[in-house]
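# Understanding the architecture of this molecule
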Amino acid sequence: MKVILIFLLFPIFCLTQNKKDIGKDFVEGLYSKEIEKSYSYLDSSITTKFSLDQLKTTLRDVGYQFGNFKGITEINNEGSVYYYYCDFDKTKIDMQVAFNNSNKIVGFYYVPHKDFSSGNISK
């Protein structure tokens, strides 16, 4: 009976994501065809003030300034704030992503790269 219960619960454990993975999906999705999925990771405190179309416009402007997104080269964190070191054609910069207790994104910002020489939880 315990074996059956474990097999029934295993898919649930596999589907749950931690903040690090949610943030990675969020950032990568912003620069792919999965922008709607990225938008779904945002807390309602953001989505009630910032529409999907506004997000798309903002990302187009970011593309003009930074160039095309190449990928995430490093992931670090301080508590509920994660730093995704992003590589673009024209620059490398951190995207700082803040989470609430429900693993929803409550803020994301482009910030200069922060060195986390000790404590790197890279991808």
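A short tour of the structure in this document, coming up.

### Topic: the overall build of the protein chain
The secondary structure content of the protein chain amounts to five helices and four strands. Out of the 123 residues belonging to the protein chain, those deemed buried represent 37%. For the protein chain, contacts bridging at least 24 residues in sequence account for 46% of all contacts bridging at least 6. Carbon and sulfur atoms provide 56% of the accessible area of the protein chain, an area that totals close to 7,700 Å².

### With respect to the sheet that holds strand β3 (residues 92-99)
Read across the sheet, four strands follow the order β1-β2-β3-β4 without closing on themselves; strand pairing throughout is antiparallel. Strand pairing shows two members of the sheet lacking a second neighbour, β1 (69-78) and β4 (105-111), which therefore form its edges. Strand-to-strand, the axes of this sheet are offset by a mean angle of 20°, without reference to chain direction. Pairing geometry for strand β2 (residues 81-88) and β3, over seven bridges, is antiparallel. Residue pairing across strands places Y84 opposite M95, the latter belonging to β3. Contacting β2, β3 and β4, helix α5 (residues 52-66) crosses the sheet at an angle of about 20° to β4.

### With respect to the pattern of salt bridges
This model, assessed by the stated rule, comprises three salt bridges. Between K56 and E36 there is a salt bridge; the shortest N-O distance is 3.5 Å. Linking K56 in helix α5 with E36 in helix α3 (residues 35-40), this pair joins segments that are 20 residues apart in sequence.

### Focus on α5
Relative to the 21 Å expected for 15 residues at 1.5 Å per residue, α5 spans 21 Å between its end C-alpha atoms, a close match to the ideal helical length. Within α5, burial applies to L55, L59, V62 and F66. Buried residues along α5 cover an arc of 55° about the axis, so they all sit on one side. Along α5, the residues that are exposed and aim more than 90 degrees away from the buried face are D53 and Y64. Buried residues along α5 sit in contact with α2 (19-30), α3, β2, β3 and β4. Where α5 ends, the next residue or the one after it, G67, has phi of about 90°, a positive value.

### Structural notes on the nonpolar core
Core analysis: the largest hydrophobic core is formed by 25 residues, its most contacted members being F26, V27, Y84, M95, V97, I105 and F108. Secondary-structure elements contributing two or more residues to this core are α2, α3, α5, β1, β2, β3 and β4. Apart from the residues lying within four places of it in its own chain, the contact partners of V27 are F69, I72, Y84, C86, M95 and V97.

### A short note on unusual backbone geometry
Positive phi outside glycine occurs at N103, with the angle close to 60°. Mapping N103 onto the fold places it in the loop between β3 and β4. According to the relative accessible area criterion, N103 is partly exposed, its value standing at 25%.

Cut-offs used in this document
- Residues numbered from 1 in each chain as written.
- Predicted model: local features only at pLDDT ≥ 70, side-chain atom pairs only at ≥ 80, totals over all residues.
- Heavy atoms only, no water.
- Helix = DSSP H or I, 4+ residues; strand = E, 2+ residues; numbered from the N terminus.
- Buried < 20%, exposed > 50% of the residue type's maximum accessible area, 1.4 Å probe, protein only.
- Contact = heavy atoms within 4.5 Å.
- Areas by Shrake-Rupley, 256 points an atom, 1.4 Å probe, with all protein chains shown as cover.
- Pairing = 2+ DSSP bridges.
- Axes fitted to C-alpha atoms, helices over the stretch in contact; angles between N-to-C directions.
- Salt bridge = Lys/Arg side-chain N within 4 Å of Asp/Glu carboxyl O.
- Expected span 1.5 Å × (residues − 1).
- Arc of directions from axis to C-beta.
- Core = buried A, V, L, I, M, F, W, Y, C linked by side-chain atoms within 4.5 Å.

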